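# What the coordinates show
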Amino acid sequence: MQRLLSFCFLISGAAGLIFEVIWVRQFGNLFGNTTGTAALVVAVFMAGLGLGGALAGRFADAKFAADPVAPLRLYARVEFAVAALAAINVVALPLLGNASGALSSYVVGAHGWHFLSFGSWAWRCIAALVLLLPVTTLMGATLTLLIRYVVKTDVGNAGERVGQLYAINTLGAAFGAFATDRFLVPALGLHATQLFAVLLNLIAGLGASRLAGQPVAPAVAAPAEPVASVEDTSLGATPLRLVGFATALAGFAAMGLEIVWFRFLSTLLGGYRSIFSLTLAVVLVGIVVGSAVSGRLLKRFKAVELFIAAQALFVLTALAAFAFAERTPVSTLIDVDLATWRSTPESIRSLWQLTLAVRPMLFVVGIPAICMGATIPLANACLQRASSVVGRRAGALYLWNTAGGVIGSTIAGFVLIPNIGSQSSIGVLLAFAALALVPMFLALRSEVRTPLFASALGLSLVALLAWSQLDALFLVKKSHLRVQDGTAELLAVKESSTELLAVQRKGTDLKLFTNGHSMSASTLWGQRYMRSFAHVPLLMNPKPEKALVICFGVGNTLHATSLHPLTTLEVADLSANVLEHASWFAEVSNHGVLSDPRLQVFVNDGRQHLKMSEPGSYDLITLEPPPISFAGVSSLYSKEFYALAHSRLRSGGAMTQWLPAYQVSGQTVRQAIRAFIEVFPGAVMLSGASTEFILYGVKDGPAQLDLEQVRRALAERPNVQRDLDTVSAGTLTELVGMFTSSSMQLLFVTTDSMPLTDDEPTLEYSELTDVIDTQLPANLLNVTQVATYCPTCFDSTGAPVAGLELLPAYLDLLSQAYTAPNVQQYSVFPLSAEFPKIKPPPRGKEAVDSSRYLQQVFGRGPQR
């Protein structure tokens, strides 16, 4: 009987976390993948849990008084109700997509930039409350109902029993958090994964119903310590409130610190979906251990003293973990050659990577998470002294804790980190954790040894004082390897709710880092492909009027766009922080483009901005998102996103998309291409630089280069010609020579591939860590079909026209470069080491001598 009940509550916890993870993603696709959207979903989820626990507590006590099995029957019905409401959300959430753009608007804010209005956020809050609060309130009720049922009149062992229940449910939650992103969504998709969670709730409800229908044997109490009187109401209102307040402070610190943990570990290990889900699972497992261990310790120690000790240990170990953690990318820990790695079974490689990734997670969050897990069981052990109010007190404590958690995570993410940074935020949050010792001591002073309280508080304050004396950039430098080894200069650092931003200089190059990872740069090759996003399609349009650039970076693409005779420019970027640091790159990249009078700046998710735009608005939509295997980026590579972008283009309008083939596996590259060509069937693929590929599609027609139009446009737009010359793309041969694959070739290569979709965002699951085995898909590149891209580049005999005589040699050299072993495996340029393997084509030396780009690719021309 006990095992069946434990199993029911285990899978109930798994279902709850599955829903939370999926809802965060779905709301991101609907309203924009912003920190605000994620925080809204988590806040409503946590608030519902606390509210449900408190409401169920009073009701459960009344039911228990009449029938000891009533809370169990009610629990079963609640599980069925959770399944029903969650199933409704499976249908209802996608329906919000069409409304999200129509019900959103902008207001002009700082710098004249456009931000989402208060009304836009208000209706998002209403939607989240209407859809999520009822079901999460029911979820929150399950813990209190089972506490009431399991504790019965044995309040002397309430802490241990609550600890066992909390551990079981949290263990299920840990499994749900990990399995959702590791197994369920990659195998089933978002829709079917939710239905699987609904099934888990139904099974839990059926199991509980079966237990409730069995005859109840007389309970024989055999407590480990004397059972308190069931009518012991000696605790007054003030101690109850003080314990609740201490629990709230603990929740405030714990959930706030979780926000810092996620950011810190993503800087150490990368912003991969697996890193986020694994971190959450490790935190939850720590809570499981803490819940179970603290319950057992109650047999030997007083609950209030254990609570004080656990909070002090939380402060000390959290500070120590941050102080001594080091950035060690997983890729640097795998010491095997490429052949051995590829010969290892995929399952072993995945387990190897995840095991290595868990090591720094355990170091940073392991012991603090265990201390977090002790809060609810120990607080219950302090207060559960009367059987008639077990449910009420358990629910109240749960509400205090979750309320503190909601406030703590919100303030940490939107107030503390943006204003004082992660390092100082850690100190503030852990000061609140230390402060929790005071109300707990005051509530139950007669049960606490004063020296223990003073020691715990004193040690916590000393540790916090030591933390405050650290260098202001102590934590930031841990996430930037080049700063650590002295090869780069840190010019600027600023944290916001969306990222930790840093500007670094190495030699003459400037780089923009967010959360410890390179996002954009002023390097020549970086500028070549980023500027090509705009120059290639706009040169084909004799009278472009309006363009949208999604993701600003350092402004390379936006500046290139501004050189064309457009009447309106738009840029959409999630981060005002990134935009505010554009001045660092003004001389080398963006040339002050944010002050262009034609420009409108929208601080918003690019996909959401498109939803808010009118159909047929743009002549060009171009984007270069963050690393494409990072969490959340797949929403800008799905078939649904491309369909949305297609609808916002004018007839003949173009879309260009970044495809860094070296960041994901060959199969994922095929899926990404498939999604694009199913919406833009005439699309081609170009190489902006090396394997920085560009998908180029046109609405209502094939993506082709008209040589005469390009010549006229370059003559009419001298600034564009100068810009192309600067990045070694200024000759007609270099422009046409960007071609790598025709639409026919792309269709052929992706015949057996399914497109990336919102429901199956496989892009985010292709890479678990920074260990990336890159192999370009076989037959992806076929430069021999260049005539389909530029028919006017060749005469009736197939020979290149005047001015393009060196094009065959140029393409032949690049084709050999693309298939060189180090490019196929690692996407590395230049190819100096590959010269002996390059077969010089006719006129190959002339081609290299006439092209600065080829000279950069090869370092020196192959000798004919």
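Here's a quick rundown of the structure. (Residues numbered from 1 in each chain as written. Predicted model: local features only at pLDDT ≥ 70, side-chain atom pairs only at ≥ 80, totals over all residues. Heavy atoms only, no water.)

### So, the packing of helix α7 (residues 237-269) against helix α12 (residues 375-383)
Threshold: Geometry is summarised by axes, namely lines fitted to C-alpha atoms with helices restricted to the contacting stretch, and by angles between N-to-C directions that run from 0 to 180 degrees. Secondary structure elements are taken from DSSP: a helix is a run of H or I of four residues or more, a strand is a run of E of two residues or more, and numbering for both begins at the N terminus. For classification purposes, an angle smaller than 35 degrees is called roughly parallel, one larger than 145 roughly antiparallel, one from 65 to 115 roughly perpendicular, and anything else oblique. Two residues form a contact once any of their heavy atoms are found within 4.5 Å. In this classification, Asp, Glu, Lys and Arg are treated as charged, Ala, Val, Leu, Ile, Met, Phe, Trp, Tyr, Cys and Pro as nonpolar, and every other residue, Gly included, as polar.
It is at 11 Å that the axes of α7 and α12 come closest, and there the two elements cross at 175°. Of the possible angle classes, the one that applies to α7 and α12 is roughly antiparallel. Facing Leu240, Val243, Thr247 and Ala250 of α7, the residues of α12 in contact are Thr375, Ile376, Ala379 and Leu383. Residue composition of the contact of α7 with α12, grouped by class: 6 nonpolar, 2 polar and no charged.

### Some thoughts on the pairing of strand β10 (residues 618-623)
Rules: Relative accessibility thresholds used throughout: buried, under 20% of the residue-type maximum; exposed, over 50%; partly exposed, between the two (1.4 Å probe, protein chains only). Strands are labelled as partners when DSSP assigns at least two bridges between them. Every crossover in which the path from the first strand over the helix to the second runs clockwise, viewed with the strands pointing away from the viewer, is termed right-handed.
Within β10, 6 of the 6 residues are buried, which leaves it mostly tucked inside the rest of the structure. Examined bridge by bridge, β10 and strand β11 (residues 649-660) share 5 bridges and lie parallel to one another. In the sheet register, tyrosine 618 faces β11, and the bridge partner there is leucine 649. Handedness of the crossover joining β10 and β11 through helix α23 (residues 639-648): right-handed.

### What to know about the state of the cysteines
Convention followed: Here, a disulfide means two cysteine sulfur atoms that sit within 2.5 Å of each other.
Enumeration over the complete set of coordinates arrives at 1 disulfide. Here cysteine 790 engages in a disulfide with cysteine 793; their sulfurs sit 1.8 Å apart. Torsion about the S-S bond of the cysteine 790 and cysteine 793 cystine: about 75°, corresponding to right-handed handedness. Here cysteine 790 falls in the buried class, since its relative accessible area comes to 0%. With no disulfide of its own, cysteine 371 has cysteine 382 as its nearest cysteine by sulfur position, at a separation of 16 Å.

### Brief notes about the sheet that holds strand β1 (residues 106-108)
Pairing within the open sheet is mixed, and its 10 strands lie in the order β1-β2-β9-β8-β7-β10-β11-β13-β12-β14. Here the strands that pair on one side only, and so sit at the sheet edges, are β1 and β14 (739-741). Neighbouring strand axes in the sheet, compared pairwise and without regard to direction, differ in orientation by 25° on average. Pairing of strand β7 (residues 546-550) with β10 involves 4 bridges; the strand directions are parallel. Counted as the bridge partner of valine 549 is threonine 622 from β10. With respect to the sheet, helix α18 (residues 524-539) is in contact with β10, β11, β12 (684-689) and β13 (692-698), its orientation differing from that of β12 by roughly 140°. Sheet contacts for α23: β7, β10 and β11; angle to β11, the most-contacted strand, approximately 145°.

### What about helix α6 (residues 158-212)?
Heads up, the condition is: Expected helix span is given by 1.5 Å per residue-to-residue step, counting one fewer step than there are residues. Note that bend, as reported per residue, equals the angle between axes fitted to the 7 residues terminating at that residue and the 7 residues originating from it.
The end-to-end C-alpha separation of α6 is 21 Å, well short of the 81 Å expected for 55 residues at 1.5 Å each. A maximum bend of about 115° is found in α6 at glycine 189.

### Observations concerning the environment of arginine 182
Quick note on the threshold: Any pair of nitrogen or oxygen atoms within 3.5 Å is treated as a polar contact; in protein, a donor-acceptor pairing is required on top of that, and neighbouring residues in sequence qualify only through side-chain atoms on both sides.
Positionally, arginine 182 belongs in helix α6. Classification of arginine 182 as partly exposed rests on a relative accessible area of 21%. The sequence separation of arginine 182 and serine 277 amounts to 95 residues, and the corresponding C-alpha distance is 8.0 Å. Beyond its immediate stretch of four places on either side in the chain, arginine 182 contacts Ser350, Leu354 and Leu768. Of note is the side chain of arginine 182, whose polar atom sits 3.2 Å from the side chain of serine 350.

Function-wise, these values are silent; they only describe arrangement.
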